Amino acid sequence: MTTKFDELLEQFHAYLASVDDALVREAVARIGWDMPARDLEPYALGCLRHLERSADLAPIAAKPLLQLLARQRNDLHWGQTYGESDFGKDFIDNYGWLEIFGTRGHFANDEVAAGLLILGPWIVYPDHHHVAEEIYIPLTGGTEWRMGEGGFRAREAGEVVHHASNVNHAMRTGKEPLLALYIWRGGPLAQKSTVTGTATQGQS
C-alpha cells in the first residue's frame, strides 16, 4: 500500500544511511525497510511549534528529512508517553515524539521502533531507563546529555548517543530546542520508562 508517508520513511532511511558510525550502520542493516503501513489518525502537539527552528539548526544532511517533517506535521500521529501529572505542564507543552515505525508507528515493525523526539528550550527530561537499547542522533546541538552516574555534557548535532539496556540517562535543553532521531530495539517497544529523576525546569 502506497501512503503519503512513504517519502518520510525513505528520507528517514536515507539520513540514517548517511551516518558514518558502526553502531548505526549495523542497526540500519538489520532493519527490514519494506514495512506495511498503518492507518493512524492525525494527532498534533504543542511541541510542533519548535520544528522550524529545529530544521534551521540541523546539519545539511538532515534538512530534507526535517523540511518534509515540517510540511507533514499536521497529518502525522504524534505521541507522549507522560502526562501533566508526571512532569508538569511546561514539560508536556514542550515534549512529544513521532514513531515512524514500530508497534505504534505509521509503519508496522515488531522488532525495532524508530522516530523523532522533540524537546523545547529549557526543558529537563529527567533520569530514566528502559529495557530496550536506544540509539539517539541529535539533529540539533546544544542539549546536554547524561548517562549512568556521569555528569551532563553537551552533544553536537549528528553525534551518536548510545544507551544500553536499563542504563539511566537524562537530557536538558538550553536556549535551543532538541530534535533527535531515535532507534529502540531489544526490549518492549512501547514500554513506559522507569523514571528515577526529577524534571526541574528553568533557565539554569
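For the structure, see preceding data.
Residues numbered from 1 in each chain as written. Predicted model: local features only at pLDDT ≥ 70, side-chain atom pairs only at ≥ 80, totals over all residues. Heavy atoms only, no water.

## So, the overall build of the protein chain
What counts is decided by this rule: Helix numbers and strand numbers start at the N terminus; a helix is a DSSP run of H or I with at least 4 residues, a strand a run of E with at least 2. In this description the radius of gyration comes from C-alpha coordinates, and the expected globular size is given by 2.2 Å times residues to the power 0.38. Partly exposed residues are those whose accessible area sits between 20% and 50% of the maximum for their type, while under 20% is buried and over 50% is exposed, using a 1.4 Å probe and protein chains only. Residue contacts are defined here by distance: any two heavy atoms, one from each residue, within 4.5 Å place the two residues in contact. Per-residue and other accessible areas follow the Shrake-Rupley method at a 1.4 Å probe size, with only the shown protein chains counted as cover for residues. For the charge count, each Lys or Arg is scored as positive and each Asp or Glu as negative, with His and the chain ends excluded. A charge is said to be at NZ when it belongs to Lys, at CZ for Arg, at CG for Asp and at CD for Glu.
Helices and strands together make up the secondary structure of the protein chain, namely six helices and 12 strands. A globule of 204 residues ought to have a C-alpha radius of gyration of about 17 Å, and the protein chain, at 16 Å, matches this closely. Dimensions of the protein chain along its principal axes, counting C-alpha atoms only, are 45 × 35 × 30 Å. Out of the 204 residues belonging to the protein chain, those deemed buried represent 49%. Looking at the protein chain alone, contacts between residues at least 24 apart form 73% of all its contacts between residues at least 6 apart. Counting only carbon and sulfur atoms, one obtains 48% of the accessible surface of the protein chain, whose full area is about 9,200 Å². Placing the 18 positive and 27 negative side-chain charges of the protein chain at their respective mean positions leaves the two points 4 Å apart.

## Brief notes about the packing of helix H1 (residues 6–18) against helix H4 (residues 63–72)
The condition is simple: Only the contacting stretch of a helix is used when fitting its axis, a line to C-alpha atoms as for every element, and angles between N-to-C directions run 0 to 180 degrees. Should an angle fall under 35 degrees it is taken as roughly parallel, and over 145 as roughly antiparallel, whereas 65 to 115 is taken as roughly perpendicular and any remaining angle as oblique. Take the far helix as your reference; a near helix turned counterclockwise from it by less than a right angle gives a left-handed crossing, and one turned clockwise gives a right-handed crossing. Any residue outside Ala, Val, Leu, Ile, Met, Phe, Trp, Tyr, Cys, Pro, Asp, Glu, Lys and Arg is labelled polar, Gly included; the first ten of those are nonpolar and the last four are charged.
At a minimum axis distance of 9 Å, the contact between H1 and H4 shows a crossing angle of 155 degrees. One way to sum up the angle between H1 and H4 is to call them roughly antiparallel. Crossing geometry of H1 relative to H4 is assigned as left-handed. Facing H1, whose interface residues are Glu7, Leu8, Gln11, Phe12 and Tyr15, H4 presents Pro64, Leu65, Leu68, Leu69 and Gln72. Of the residues belonging to the contact of H1 with H4, the class tally is seven nonpolar, two polar and one charged.

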